[in-house]
Amino acid sequence: YHAEYGAQKKLQKEPIMSEEVSGPTVFVGNLSFNTTEDDLRNAFAQYGNIRTVNIKSRGNRSLGYAFVEYESTEDANSAVQGMDEQLLNDRVIKVELVKSKGNVNRV
């Protein structure tokens, strides 16, 4: 169990990479399965102009994480600083900046 926990902690320190994003994007993890894209848009809009909100799902079931794409890097950074470890729909969410695989120099 301890070795498995250590491996999970090590994996969390790796930057999140995605080929799906084009603009400055944040990863939002540990979401309640009841969280909607409107919930995320409402919670994250205070940090800047949002281009897209995409909750990942398999069929109709949420996988418990999402991507929020902003119009500017500054807005995405503000969202990470303001929302990481905050409560959303009774869950403490994890918010991190996404690094695009398509553009190593981005963000």
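Just so we're clear, the structure is a prediction, and the values are computed from it rather than from any experiment. (Residues numbered from 1 in each chain as written. Predicted model: local features only at pLDDT ≥ 70, side-chain atom pairs only at ≥ 80, totals over all residues. Heavy atoms only, no water.)

A. Representation of the overall build of the protein chain. Of the regular secondary structure elements, the protein chain holds three helices and seven strands. Ordering the α and β elements of the protein chain from the N terminus gives α-β-β-α-β-β-α-β-β-β. Put simply, of all contacts in the protein chain between residues at least 6 apart along the chain, 61% involve residues at least 24 apart. (Helix = DSSP H or I, 4+ residues; strand = E, 2+ residues; numbered from the N terminus. Contact = heavy atoms within 4.5 Å.)

B. Layout of the environment of Ala 66. Within the element layout of this structure, Ala 66 appears in strand E4 (residues 61–70). Taking C-alpha positions, Ala 66 is 5.5 Å from Lys 56, a pair spaced ten residues apart along the chain. The residues touching Ala 66, leaving out its near neighbours within four places in the chain, are Val 26, Phe 27, Val 28, Leu 31, Leu 40, Asn 54, Ile 55 and Lys 56.

C. View of the packing of aromatic side chains. All chains considered together, the criterion is met by three aromatic pairs. Measuring from centroid to centroid gives 5.7 Å for Phe 27 and Tyr 65, while their planes differ by 35 degrees, and the two rings are tilted. Here Tyr 65 lies in strand E4 and Phe 27 lies in strand E2 (residues 25–29), a separation of 38 residues in the sequence. Taking 5.9 Å as the distance between ring centres and 65 degrees as the angle between the ring planes, the aromatic pair formed by Phe 27 and Phe 67 counts as edge-to-face. With Phe 27 in strand E2 and Phe 67 in strand E4, this pair connects stretches of sequence that are 40 residues apart. (Phe/Tyr/Trp six-rings, centres within 6.5 Å; stacked < 30°, edge-to-face > 60°.)

D. Fine view of the pattern of salt bridges. Applying the stated criterion across every chain yields a total of three salt bridges. For Asp 84, the salt bridge goes to Lys 94, with nearest N and O atoms at 3.4 Å. Of this pair, Asp 84 sits in the loop between helix H3 (73–83) and strand E5 (87–88) while Lys 94 sits in strand E7 (residues 94–100); the two residues are ten residues apart in sequence, bridging distant segments of the chain. Note that Glu 85 is salt-bridged to Lys 94, the shortest N-O span being 3.8 Å. For Glu 85, a relative accessible area of 47% gives the class partly exposed. Residues joined by salt bridges that share partners form a network here, namely Asp 84, Glu 85 and Lys 94. (Salt bridge = Lys/Arg side-chain N within 4 Å of Asp/Glu carboxyl O. Buried < 20%, exposed > 50% of the residue type's maximum accessible area, 1.4 Å probe, protein only.)

E. Up close: the side chain of Ser 62. With respect to the helices and strands, the residue Ser 62 is situated in strand E4. Within the local environment of Ser 62, its side chain forms a polar contact with the backbone nitrogen of Gly 64, the two atoms lying 2.9 Å apart. With residues up to four places along the chain from it excluded, the contact list for Ser 62 reads Phe 33, Ile 55, Lys 56 and Ser 57. (Polar contact = N/O pair within 3.5 Å; in protein donor to acceptor, adjacent residues only side chain to side chain.)

Distances and angles like these do not, on their own, reveal function.
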